[in-house]
Each structure stands twice: as structure tokens, then as C-alpha cells.
Amino acid sequence: MASVAAWLPFARAAAIGWVPIANKPLPAPPVTKEHRKREDEKFVINVSGRKFETWRNTVEKYPDTLLGSNEREFFYDEDFKEYFFDRDPDIFRHILNYYRTGKLHYPKHECLMSYDEELAFFGIIPDVIGDCCYEDYRDRKRENAERLMDD
Ligand SMILES: [Zn+2]
């Protein structure tokens, strides 16, 4: 891979510059992509300019969600080789963590309505909110419903 070969001279130059060669062995040449034979693939998700990186396998854990399904291809930006979402990056952090840990947390400082909107957009149902956060979420939901009824 060209990208692997490209950084190697810099790593060597840096190693030579910083420490005597005898003390520090040069970094071993990285295994090339062809040899490593990954079945997984890393990709970039750009959410309103904030970039998140994850493995394809991570998001495909939940194939009935937007990121886990082919639907995400509608958001693929060929020019930048990344997925672009014009959504809230703060809330997206929790969504991505859900794929990683299997637990969805509710950030108490976020407005419930905008949180719900982001979940709906990404095709995640609030039922998967972890026990640690579910009560907070449910209470907020009730408060919100009451407030809307008062109006
Ligand atoms: Zn939680």
C-alpha cells in the first residue's frame, strides 16, 4: 500500500534524529494490508464537521439501524471518502458508543426532544437505553408530556 510506504521514511528519520541508532532499533516495517487480510474496515463518520472513526463491524452489529444498514450509503461523500451527517455531534457520541458497548446512555443535560430526534434519525429505539439512564429518561419524558399538556 502506498500509504504505508509513505510514512516509513519519516519514522526512520525521526528515530535517527532523536536517539543514537544503537540504542533504539528502527521501527519494524508495518505489515501491509495485503498480508494482514483484514475482513474489517475502518471508516470516517463526519457529523457536522466533527469526525468519528469506527469499524464497519462495529456499526453492523445493529443492522436494523441507519448506520448498520446500507441506508448509510446515501450519506457517503465520494470526494472526502467519509459519511457525512448534518446532525448534532454531541448526541452522536452517545449513539456511536451504543454500537461499541451495546448500551445507550441518556445525557441528562441534553433536551429530551432533540435527543429523541437524533435517535429517530439514526433509527434507534429508546428501549435500548441502559438501566443506568433509563429512569432519568423516563422521568424526563413524563415531565415533558405534562408540560406539553399544560400549554
Ligand atoms: Zn447510562
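Look up: the structure comes first, before these words.
Computed from a predicted model, the values in this text were never measured in an experiment.

(A) Representation of the side chain of Ser69. Among the secondary structure elements, Ser69 is positioned in the loop between helix 3 (56–59) and strand 3 (76–77). A polar atom in the side chain of Ser69 sits 3.3 Å from the backbone oxygen of Leu66.

(B) Representation of the packing of aromatic side chains in the model. Inspection of the entire model under this criterion finds 16 aromatic pairs. The rings of Phe52, Phe75, Phe85, Phe92, Phe121 and Phe122 are connected pair by pair, giving a single aromatic cluster. The ring of Trp55 has Lys42 sitting right over it, with the charged end atom 5.9 Å from the ring centre.

(C) Looking closely at the coordination of the zinc ion. The zinc ion binds to the protein through His105 (ND1), Cys132 (SG) and Cys133 (SG), with metal-donor distances spanning 2.0 to 2.3 Å. Here the donor residues of the zinc ion are spaced in sequence according to H-x26-C-C. Taken as a pair, His105 in the loop between helix 4 (89–101) and helix 5 (112–121) and Cys132 in helix 6 (residues 131–150) lie far apart in primary sequence, 27 residues in all.

(D) Examining the sheet that holds strand 1 (residues 42–47) more closely. Read across the open sheet, the 4 strands follow the order 2-1-4-3; overall the sheet is mixed. Since the sheet does not close on itself, it has two edges, and those belong to strand 2 (50–55) and strand 3, each with one partner. Sheet analysis places strand 1 next to strand 4 (residues 82–85), joined by 3 bridges and oriented parallel. Bridging from a neighbouring strand, Asn46 pairs with Phe84 of strand 4. Against the sheet, helix 4 contacts strand 1 and strand 2, and its axis sits at roughly 5° relative to strand 2.

(E) Looking closely at the environment of Asp90. Inspection of the secondary structure assignment puts Asp90 in helix 4. C-alpha separation for the pair Asp90 and Tyr115, spaced 25 residues apart in sequence, amounts to 9.9 Å.

(F) Spotlight on the pattern of salt bridges. Inspection of every chain in the model, using the stated rule, returns 14 salt bridges. Here Glu118 and Arg87 are joined by a salt bridge, their closest N and O atoms 3.0 Å apart. In this pair, Glu118 is assigned in helix 5 and Arg87 in the loop between strand 4 and helix 4, connecting sequence segments 31 residues apart. Residue Arg87 is classed as partly exposed on the basis of its relative accessible area of 21%. The partner of Asp136 in a salt bridge is Lys108, with the nearest N and O atoms 3.7 Å apart. Highlighted residues: Asp136 in helix 6 and Lys108 in the loop between helix 4 and helix 5, separated in sequence by 28 residues. According to the relative accessible area criterion, Asp136 is partly exposed, its value standing at 29%. Look at Lys108 and you get partly exposed, because its relative accessible area is 43%.

(G) Region of the structure containing the environment of Asp116. Structurally, Asp116 can be placed in helix 5. In this structure Asp116 comes out as buried when scored by relative accessible area, which is 18%. As a C-alpha pair, Asp116 and Tyr106 span 10 residues in sequence and 10.0 Å in three-dimensional space. The residues contacting Asp116, other than those within four sequence positions of it, are Tyr137 and Lys141.

How each quantity is defined
- Residues numbered from 1 in each chain as written.
- Predicted model: local features only at pLDDT ≥ 70, side-chain atom pairs only at ≥ 80, totals over all residues.
- Heavy atoms only, no water.
- Helix = DSSP H or I, 4+ residues; strand = E, 2+ residues; numbered from the N terminus.
- Polar contact = N/O pair within 3.5 Å; in protein donor to acceptor, adjacent residues only side chain to side chain.
- Phe/Tyr/Trp six-rings, centres within 6.5 Å; stacked < 30°, edge-to-face > 60°.
- Lys NZ or Arg CZ within 6 Å of the ring centre and 35° of its normal.
- Donors = N, O, S within 2.8 Å, 3.2 Å for Na, K, Ca; no water.
- Pairing = 2+ DSSP bridges.
- Contact = heavy atoms within 4.5 Å.
- Axes fitted to C-alpha atoms, helices over the stretch in contact; angles between N-to-C directions.
- Salt bridge = Lys/Arg side-chain N within 4 Å of Asp/Glu carboxyl O.
- Buried < 20%, exposed > 50% of the residue type's maximum accessible area, 1.4 Å probe, protein only.

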